[in-house]
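A closer look at the structure
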Amino acid sequence: MSILKTWTRRTVLASLVAAGTMMSAGAALADKVKVAGIFTLPVEQQWISRIHIALLAAKERGDIDYVYSENVANTDYERVMREYSEAGQQLIVGEIFGLERAARKVAADYPDTAFLMGSSFAPAGDNLSVFDNWIHEPAYLSGMAAGAASKSNVIGMVGGFAIPEVNRLMNAFMDGARETNPEVKFLVNFIDSWYDPPKAKESAFAMMDAGADVMYAERFGVSDAAVERGAKAIGNVIDTSSDYPATILSSAIWHMEPTIDHAIAAVAGGTYKAEDYGQFSYMAQGGGTVIVDAALAPADVVSMIETRKAAIMDGSFTVTVNNDEPVSDK
């Protein structure tokens, strides 16, 4: 009888534990933040990919349920925002550079939905936060590598659009190049597109014909041109060195994880508010890093970059933020 009682007691306890485990799993599932991404370009595009990768990492950790729409035209963006809001998505992430007014109206219409949007402007209301790729610090460091590497003292720079988000990176890069090479000159062109590799490649060829031996690849297509001409290239936002071996001298890398994780935690904790998330892209927050190929850069240059990086990290050196449109040297 005592054996039967012991077995019964163990069975009940096991059932309770199993039930508790199932309840815990159910509670964890219910606690996941529902997140939607809305992107105007493919998720493979460099800028968009950083956001998408950070959201996928949060999904894999079990923090969020994540859905997304890519290649959304500006004319459809407001509709998609409303559809996701109506569907109960708690956090909507995207970029609204070309449709600020419409997107901010949607955010005002759905005050219980958290919006985290790439934008050149300030947060709005209680629920529209903004972010951007504030990687001017690693851009400066990559510029140091470029300046030291240029033998012709001419660096070519191909950008998408001359907006503050691009301008500040290019200006910081130029400042860094001047630190290691005061004689360097710049050729600057904007292709007025976020994704047009053939046009970017054509612009890069023209600059190399004019003497540039290092190319700042703010857009896809520039590094392809550098490979064909045997020039060096500087990467931006993502690491493409494996795609262009012996070509990518240095890259300024953007990490969106600190930005995304802060927003998810705020939504989950019920503390989300309209903020400027730009600080989370700074190097001190883990939002930006620099990569230098030691096989292409001399040891003394790598050492200089590491010293300057340490000064940025401890606050003893500040990279200037200059949002003005950069221009070619005359």
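In this report, we go over the structure that sits alongside the text. (Residues numbered from 1 in each chain as written. Predicted model: local features only at pLDDT ≥ 70, side-chain atom pairs only at ≥ 80, totals over all residues. Heavy atoms only, no water.)

Observations concerning helix 3 (residues 74-86)
Between its first and last C-alpha, helix 3 extends 19 Å over 13 residues, near the 18 Å set by a 1.5 Å rise per residue. Within helix 3, burial applies to Y77, V80, M81, Y84 and S85. Axial view of helix 3: buried residues confined to an arc of 130°, hence all on one face. For helix 3, the exposed residues lying more than 90 degrees away from the buried face are T75 and E86. Taken from the residues just after helix 3, G88 is the one with a positive phi, measuring 90°. (Helix = DSSP H or I, 4+ residues; strand = E, 2+ residues; numbered from the N terminus. Expected span 1.5 Å × (residues − 1). Buried < 20%, exposed > 50% of the residue type's maximum accessible area, 1.4 Å probe, protein only. Arc of directions from axis to C-beta.)

Points about helix 2 (residues 46-61)
For helix 2, with 16 residues, the first-to-last C-alpha span of 23 Å sits near the 22 Å given by 1.5 Å per residue. Among the residues of helix 2, the N-terminal cap falls to Q45, whose side-chain oxygen and the backbone nitrogen of W47 are separated by 3.0 Å. Looking one or two residues beyond helix 2, the residue adopting positive phi is G62, at roughly 90°. (Polar contact = N/O pair within 3.5 Å; in protein donor to acceptor, adjacent residues only side chain to side chain.)

Observations concerning unusual backbone geometry
Phi is positive for N71, close to 55°, though the residue is something other than glycine. Topologically, N71 is positioned in the loop between strand 2 (64-69) and helix 3. Positive phi outside glycine occurs at N153, with the angle close to 65°. Relative to the elements of secondary structure, N153 occurs in the loop between helix 5 (136-149) and strand 6 (154-159). Classification of N153 by relative accessible area gives partly exposed; the value is 27%.

Examining the packing of aromatic side chains
The geometry of two aromatic rings is summed up by the distance between their centres and the angle between their planes. One pass over the structure, following the stated rule, counts eleven aromatic pairs. Relative to F97, the ring of W47 has its centre 5.7 Å away and its plane inclined at 70°; by these criteria the two rings are edge-to-face. With a gap of 50 residues between them, W47 in helix 2 and F97 in the loop between strand 3 (91-95) and helix 4 (100-109) connect regions that are remote in the sequence. A relative accessible area of 11% places W47 in the buried class. Looking at F97, the relative accessible area reads 28%, which means it is partly exposed. Aromatic side chains Y195 and F220 sit 6.3 Å apart centroid to centroid with 85° between the ring planes, which places their arrangement in the edge-to-face category. Taken together, the positions of Y195 in the loop between strand 7 (185-190) and helix 7 (197-209) and F220 in the loop between strand 8 (214-217) and helix 8 (222-229) put the pair 25 residues apart, joining distant regions of the chain. (Phe/Tyr/Trp six-rings, centres within 6.5 Å; stacked < 30°, edge-to-face > 60°.)

Side note on the sheet that holds strand 8
The six strands lie next to each other as 7-6-8-9-10-11, forming an open sheet whose pairing is mixed. Of all the strands in the sheet, just strand 7 and strand 11 (288-292) have a single pairing partner and so form its edges. Sheet twist, expressed as the mean angle between neighbouring strand axes with direction ignored, is 15°. Direction of pairing for strand 10 (residues 248-254) relative to strand 11: antiparallel, over a ladder of five bridges. Residue pairing across strands places I253 opposite T289, the latter belonging to strand 11. Where helix 6 (residues 164-180) meets the sheet, its contacts fall on strand 6, strand 7, strand 8 and strand 9 (232-237), and the angle it forms with strand 7 comes to roughly 165°. Across the sheet, helix 8 touches strand 6, strand 8, strand 9 and strand 10, and the angle it forms with strand 8 is around 160°. (Pairing = 2+ DSSP bridges. Axes fitted to C-alpha atoms, helices over the stretch in contact; angles between N-to-C directions. Contact = heavy atoms within 4.5 Å.)

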